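Listed here are the chains, written in short residue letters.
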Amino acid sequence: MVTKMNNPPRVIMVIIVAVLVISFAGPVYADFPLPEVPGLVGISTVTSMDVQGIVTTSTSVGLQLGSHTLNDPPLENGGFLWAWFPLGPSGPRIDGYSVDPYVISRYKGAPVPPGEVQYTAGYNEDVTAVSGSLTYQKTMSISTGNKSAGEENIGADRVVTFTGGDGGRMTTREDLLLDGAGAQTVAANQVCCPFTGTAGPFFPPFCNIVMSGSSADISTGSISTTAGVRFISASVDIPVAETYRVNVKGVTGSGGTGASGTVGAFMKVNLQEAIEQEVPRRYVTDPIGYIPVKVEGLSYSETSTASGLIHTFTKDMRYQSGIRPV
Amino acid sequence: MPKVPLITNSLDGEGFRCEYRIRCCYDNITHQSSKRDKYIFITSMSSFLQVVTGMRNHFHKSQVKIVVICALLVVLLSTIPVIAADIDISVEGPGISNWIFTPGTTNINSTSIILNVSSISSTWTVSVKDAMDFAKTSGTVGRMAESDAGGAYTGTNVLGAAVNITGPSSLSKYTGASVVLSGSNQLIESGLAAVNSEKIHLTIRQPVAISDPVLKGGHRYQVIVTYIAFAEGGPAPVVNGIVPAEGITGSTVTVTDLSGLNFLPHSTAVLNRTGSTNINLTVTGVTTPTRMTGTLNLAGAGVGKWDVTVTNPDGGTGTKPLLFWVKYPSAPGIGSFGPPFSGGRGSTMDVGVTGQGFRSGVAVKLTKGASVIPVTVTHVTSTTIDGTITIPSGAPTGLWDLTVTNNDGQFEKINGAFTVQ
């Protein structure tokens, strides 16, 4: 396969490491993983190609896990509903949630609603190459089991090297999604670490979406990516995470020092977090209750694009959220 | 026209004299009803206490002795109009003569003045007052003031302290009291049985201060004492109100005004209700026909509304139902309630109320307009109430009010505490 680029713009872009690490420590602002469900699923694939000609490959993964019925909004809050009258007859009624022993006793026979959490994770990859020489190496793993720190429920590692001939071209796109939404959930018995305290009996609601990925349209170049998401763990000590790393450089021995074409990488984040506000009580003997209140919204978008002769294009993006950062 | 006898008596001894004079007397009959047994008879009469001072040369530095000539009156009406009085009184006795005042002390005479009481009524009283007769100078009530030989006040010298008159208390049928004449209609004697010419010795006290005006020889001091006799036999008492109208169980309540009609000096009052022991009003102060005062000991008193009953000595009673409220120290307070939403009409659910001041026997209900959902209380502590409710199938949806009522009647209501879905 001939490696030739017709009058490529002599632009050398070096983007070295853009890292986004988002971590919310503590019990106030965080999402947290769900435990595995019975009937574990594990999928693992290894793909290896060395091709001159045309190549197309694609991967699509969607993994959804919920503590309750999926796609049945609204999410159910944890705890028992109760009404407080902090100002007595002259004030308003404040509805909140409680796991106070007295409140539980009045719902006798009913288990304490734990609160509903739902996660959706997705992974997509497409590669199309024509008129060139392509080597493709990919390891894909999917697991619905509990993961500890450093492990992933969806993981994809790939290395793609393309040397195009006349008109040779390779396009590839890869993106990763982690979408978590949780109602107020009961915190009791969910934290293993004895040193991780909880500010109250509930974890506050959250609604966080993180997307990251990359794309490339090159005539020559070598692309390596690492993608992974984690949201299933045995305890909430393990933070949920999304990691995506892309590295683009030239092909050794192809006569150039860099990749030729256009590459880009992005990360988009939208976070909404809440706190648990204690319901004011009229008497100290009244049960303690809480109301979830949204207190934070974060919208983040970062896109990096390089065109021309690309010596190095590296972008490392990490998202982590949990009550105990790792 | 009543008789007004005039008695003048001169005594020997160091040139002093004593006079007994009747200044006036009258009888006042108040017609309360057309029936004979509904009459209240009030007999009033007056006497005057007259003092003539001795010689100046009888004063000594540490103990000034003054020989006093005094007079008390014997008064008895000769005729009673229309009907015979239930009570008659007279003041008699040897009188006080040659009474020696010692300035700086309270001078006492307990043998010379005798109250003669005849009453066909079982309950009677005698009170005294200074009616300020004969143009007595204002500001001298109850006190001896200088008068001329004819008994007219001169307005010159006045003793500093008022006369004190005391009835005996040793006799079981008397409730003797010591009163200062400066008051009004003050009870000095009373009885609980009919008497016939009962002779009661009164004790007269006259404090004399060194600073009192110089009692020059030949000067004359007097005070006219009005005696008011009262016999019962009137209409039954009527209770109108009581202040305060409520009290905390376990406490002692001072009743400042048990108001009504036809109260008598020996009337009694109680809080009463079926199934409970009466709570007596310990009467303090003077009972008037329209007012009683006293204290109520509410130790162990059951909470809730009590009747107030006044009983006169002749057996007549008057009651006003549910007039006095015995309460707990505080009303119930609702802090929270749940579940705040029903499971739907026709459902039965457990509910709970938290707060303070809940008592055994507390009642809980949910209301919406005229609709009521009673809460069947299953367990009560001072801070929690457990219960169950059944939402009627026809119960209106929306917000319902929550009311918690203790068994003393105190309650608290929270609007919109519960939602029927």
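Owing to the predicted nature of the structure, the values given are computational and were not obtained by experimental measurement. (Residues numbered from 1 in each chain as written. Chains lettered and ligands numbered in written order. Predicted model: local features only at pLDDT ≥ 70, side-chain atom pairs only at ≥ 80, totals over all residues. Heavy atoms only, no water.)

In total, this model carries seven aromatic pairs over all chains according to the counting rule given. Ring geometry for Phe-80 of chain A against Tyr-107 of chain A: centres 4.0 Å apart, planes inclined by 10°, an arrangement best described as stacked. Placement of Phe-80 of chain A in strand S4 (residues 80-84) and of Tyr-107 of chain A in the loop between helix H1 (101-106) and strand S6 (117-143) is noted, with a sequence separation of 27 residues between them. Overall, Phe-80 of chain A belongs to the buried group, its relative accessible area being 5%. Through a chain of ring-to-ring contacts, the aromatic side chains of Phe-80, Trp-82, Tyr-102 and Tyr-107 of chain A assemble into a single cluster. The cationic tip of Arg-93 of chain A hangs over the ring face of Phe-341 of chain B; the distance from NZ or CZ to the ring centre is 5.0 Å. (Phe/Tyr/Trp six-rings, centres within 6.5 Å; stacked < 30°, edge-to-face > 60°. Helix = DSSP H or I, 4+ residues; strand = E, 2+ residues; numbered from the N terminus. Buried < 20%, exposed > 50% of the residue type's maximum accessible area, 1.4 Å probe, protein only. Lys NZ or Arg CZ within 6 Å of the ring centre and 35° of its normal.)

Turning our eyes to something else, we now look at the pairing of strand S10 (residues 206-230) of chain A. Regular strands place side chains that alternate from one sheet face to the opposite one. Residue and element names in this part refer to chain A. Where burial is concerned, most of S10 is hidden: 18 out of the 25 residues are buried. With 23 bridges joining them, strand S7 (residues 154-182) and S10 adopt antiparallel strand pairing. Within S10, the residue paired with Gly-155 across the bridge is Gly-228. For S10 and strand S11 (residues 240-249), the ladder comprises nine bridges, and the chain directions are antiparallel. Looking across to S11, one finds that Gly-228 is bridged to Thr-243. (Pairing = 2+ DSSP bridges.)

A word on the pattern of salt bridges. Residues and elements named next belong to chain A. On inspection of all chains with the given rule, the structure shows 16 salt bridges over all chains. Between Lys-138 and Glu-125 there is a salt bridge; the shortest N-O distance is 2.6 Å. For the residue pair Lys-138 and Glu-125, the accessibility class agrees, reading buried in each case. Glu-125 serves as the salt-bridge partner of Arg-158, at 2.8 Å between the closest nitrogen and oxygen. One end of the pair, Arg-158, is in strand S7; the other, Glu-125, is in strand S6, with 33 residues separating them in the sequence. Just as Arg-158 is buried, Glu-125 falls in that class too. Members of the salt-bridge network, linked through shared partners, are Glu-125, Lys-138, Arg-158 and Glu-174. (Salt bridge = Lys/Arg side-chain N within 4 Å of Asp/Glu carboxyl O.)

Of all hydrophobic cores here, the largest spans 51 residues; its most connected members are Leu-134, Met-170 and Phe-231 of chain A. Per element, the largest residue contribution to this core is 10 residues, and it comes from S6 of chain A. Look past the residues within four positions of Leu-134 of chain A in its chain and what remains in contact with it is Met-49, Asp-50, Val-51, Val-55, Val-127, Ala-129, Val-160, Thr-161, Phe-162 and Met-170 of chain A. Membership of the second largest hydrophobic core comes to 26 residues, among which are Trp-124, Val-163, Ile-165 and Val-208 of chain B. (Core = buried A, V, L, I, M, F, W, Y, C linked by side-chain atoms within 4.5 Å. Contact = heavy atoms within 4.5 Å.)

Turning our attention to the confidence of the model for chain A. Residue and element names in this part refer to chain A. For chain A, per-residue confidence averages 87 on the pLDDT scale, and 87% of positions sit at 70 or higher. This stretch, residues 1-11, has a pLDDT under 50; its non-local contacts, to residues over four places away or in other chains, come to 31 contacts. Per-residue pLDDT stays below 50 along residues 16-28; that stretch engages in 49 contacts with residues further than four places along the chain or on separate chains. (pLDDT = per-residue confidence, 0-100.)

Residue and element names in this part refer to chain B. Spatially, eight strands are ordered S17-S19-S22-S21-S20-S23-S24-S18 in an open sheet, and the strand pairing comes out mixed. Of all strands in the sheet, those bounded by a partner on one side alone are strand S17 (238-243) and strand S18 (246-248). On average, each strand axis in the sheet is inclined to that of its neighbour by 35°, with strand direction left out of account. Sheet topology note: the strand S20 (residues 268-272)/strand S23 (residues 304-311) ladder contains five bridges and is antiparallel. Looking across to S23, one finds that Asn-272 is bridged to Asp-307. (Axes fitted to C-alpha atoms, helices over the stretch in contact; angles between N-to-C directions.)

Turning our eyes to something else, we now look at the interface of chain A and chain B. Taken residue by residue, the interface counts 18 residues in chain A and 29 residues in chain B. Taken together, both faces of the contact between chain A and chain B bury some 1800 Å²; the carbon and sulfur share is 56%. Per-residue buried area on chain A facing chain B is highest for Phe-85, Arg-93 and Arg-106 of chain A; these three make up 35% of the total on that side. Here chain A and chain B share three salt bridges between them. Here Asp-350 of chain B and Lys-108 of chain A are joined by a salt bridge, their closest N and O atoms 3.8 Å apart. Where chain A meets chain B, there are 15 residue pairs in polar contact (both at pLDDT 80 or more). Those elements that place two or more of their residues in the side of chain A that touches chain B are S4 and H1 of chain A. Counting residues per element, the side of chain A that touches chain B draws most heavily on S4 of chain A, which supplies four residues. Its residues placed into classes, the side of chain A that touches chain B shows 10 nonpolar, two polar and six charged. (Buried area = accessible area lost by both parts, 1.4 Å probe. Polar contact = N/O pair within 3.5 Å; in protein donor to acceptor, adjacent residues only side chain to side chain. Nonpolar A, V, L, I, M, F, W, Y, C, P; charged D, E, K, R; others polar.)

Another aspect to go through is the confidence of the model for chain B. Residue and element names in this part refer to chain B. For chain B, mean pLDDT is 74; residues scoring 70 or higher make up 71% of the total. This stretch, residues 1-85, has a pLDDT under 50; its non-local contacts, to residues over four places away or in other chains, come to 255 contacts. Interface confidence in the predicted complex, given as ipTM, is 0.81; pTM for the same model is 0.66.

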